[in-house]
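Chains, contacts and geometry: an overview
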Amino acid sequence: MKIIAFGASNSSTSINKALATYTAGLVPGAEVKVLDIRDYDVPMFSQDLEKEIGQADGAKRFLADLAEADAFVISYAEHNGHYPAAYKNLFDWASRIERKLFKEKPALYLATSPGPGGAKSVLAAAQASAPFFGGNVKAAVSVASFFDNFDMASGQVTNAAIDAELQAAVAKLSA
């Protein structure tokens, strides 16, 4: 199984990318490719610009990488209760090219934050909109207080209960 994993964040030290990478690594025997959304440069979306330039090259490359997947592990960052602008912009460009960009492939949706909310608002929004974009969400996990539960130096979850929840979610990807 080829897993495409990414954090929906443009932070170079993204805790969501760290969580997605760790969780994708829990899939037995999987080949994991971790994307960095900063690698898909796209201008700020507008219909006027779309008419002028057509399809943004960064969005086409993002879709090509998504097409390689058998399954997805995506961890959503939350900015003021919503998607970060960088991810939303890339997503807008990509979904204009291919509305069902996730092509009904199984997905695990995650979200985390440094605080106690665990980015639950953006996770709920992503889950609610998934069917419109070919998202086939098999499980969703919110991890609150990231730095209390994850060691960035080792790239490992340190909380046994959270690790068990992630293991159970991963099992649903191939079920």
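Heads up: the structure comes first, above all this text.
All of the points below concern the structure found in this document. Treat the numbers as computed from the prediction; the structure is a model and nothing was measured.

This next bit is on helix α3 (residues 57-67). Within α3 the residues assigned to the buried category are G58, A59, F62, L63, D65 and L66. The arc that holds the buried residues of α3, viewed along the axis, is 160 degrees, so those residues lie on one side. In this structure, the buried side of α3 is in contact with β1 (2-8), β2 (31-36), β3 (71-76) and α4 (85-97).

Glancing now at the nonpolar core. For soluble globular proteins, nonpolar side chains are generally found buried alongside one another. Counting 33 residues, the largest nonpolar core has F6, F62, L66, L101, F102 and Y109 as the members making the most contacts within it. By residue number, the principal contributor to this core is α4, which donates five residues. Residues A18, A24, V27 and V141 belong to the second largest nonpolar core, which totals 25 residues.

The relative placement of two packed helices is expressed as an angle between their axes plus a distance between the axes. Contact pair helix α1 (residues 15-24) / helix α7 (residues 160-171): the axes reach a minimum separation of 10 Å and the direction vectors enclose 60 degrees. Considering only the axes of α1 and α7, their crossing is right-handed. Contacts between α1 and α7 involve L19, Y22 and T23 from the first element and D163, L166 and V170 from the second. Residues belonging to the contact of α1 with α7 are distributed by class as follows: four nonpolar, one polar and one charged.

The five strands are arranged β2-β1-β3-β4-β5 in an open sheet whose pairing can be described as parallel. Strands at the two margins of the open sheet, each flanked by one partner only, are β2 and β5 (136-143). Strand-to-strand twist in this sheet, taken as the mean axis angle between neighbours without regard to direction, amounts to 20 degrees. Bridging between β1 and β2 involves six bridges; their strand directions are parallel. Note that in β2 the partner of A5 across the bridge is V34. Across the sheet, α1 is in contact with β1, β2, β3, β4 (106-112) and β5; its angle to β4 comes to roughly 140 degrees.

This brings us to the side chain of S113. Counting through the fold element by element, S113 comes out in the loop between β4 and α5 (120-129). Polar contacts involving the side chain of S113 include one to the main-chain carbonyl oxygen of G115, which spans 3.2 Å. Engagement of the side chain of S113 in a polar contact is seen with the backbone nitrogen of G118, the distance being 3.1 Å.

Right, let's talk about the packing of aromatic side chains for a bit. The description of an aromatic ring pair rests on the distance of the ring centres and on the angle between the ring planes. Throughout the structure, instances matching the rule amount to 14 aromatic pairs. For the ring pair F6 and F62, a centre distance of 5.7 Å and an interplane angle of 75 degrees mean the geometry is edge-to-face. Separated by 56 residues along the polypeptide, F6 in strand β1 and F62 in helix α3 bring together distant segments of the chain. Across the pair, exposure class does not vary: F6 and F62 are buried alike.

Below, the discussion takes up the pattern of salt bridges. Following the criterion strictly, the structure yields 10 salt bridges and no others. Linking R96 and E50 is a salt bridge whose minimum nitrogen-to-oxygen distance equals 2.6 Å. Within this pair, whereas R96 is found in helix α4, its partner E50 is found in helix α2 (residues 47-53), the two being separated by 46 residues in sequence. Connected through salt bridges with shared partners, the residues K2, E31, K33, D65 and E68 form a single ionic network.

What follows deals with the packing of α3 against α4. Where α3 meets α4, the axes come as close as 9 Å, and the angle between the chain directions of the two elements is 75 degrees. The orientation of α3 with respect to α4, classified from their angle, is roughly perpendicular. In contact with G58, A59, K60, F62 and L63 of α3, α4 contributes L90, W93, A94 and I97. When the residues that make up the contact of α3 with α4 are grouped by side-chain class, the tally is seven nonpolar, one polar and one charged.

Thresholds, definitions, all that
- Residues numbered from 1 in each chain as written.
- Predicted model: local features only at pLDDT ≥ 70, side-chain atom pairs only at ≥ 80, totals over all residues.
- Heavy atoms only, no water.
- Buried < 20%, exposed > 50% of the residue type's maximum accessible area, 1.4 Å probe, protein only.
- Helix = DSSP H or I, 4+ residues; strand = E, 2+ residues; numbered from the N terminus.
- Arc of directions from axis to C-beta.
- Contact = heavy atoms within 4.5 Å.
- Core = buried A, V, L, I, M, F, W, Y, C linked by side-chain atoms within 4.5 Å.
- Axes fitted to C-alpha atoms, helices over the stretch in contact; angles between N-to-C directions.
- Left-handed = near helix turned anticlockwise from the far one by under 90°.
- Nonpolar A, V, L, I, M, F, W, Y, C, P; charged D, E, K, R; others polar.
- Pairing = 2+ DSSP bridges.
- Polar contact = N/O pair within 3.5 Å; in protein donor to acceptor, adjacent residues only side chain to side chain.
- Phe/Tyr/Trp six-rings, centres within 6.5 Å; stacked < 30°, edge-to-face > 60°.
- Salt bridge = Lys/Arg side-chain N within 4 Å of Asp/Glu carboxyl O.
- Parallel < 35°, antiparallel > 145°, perpendicular 65-115°, else oblique.

Shape is all these values report; function is a separate question.
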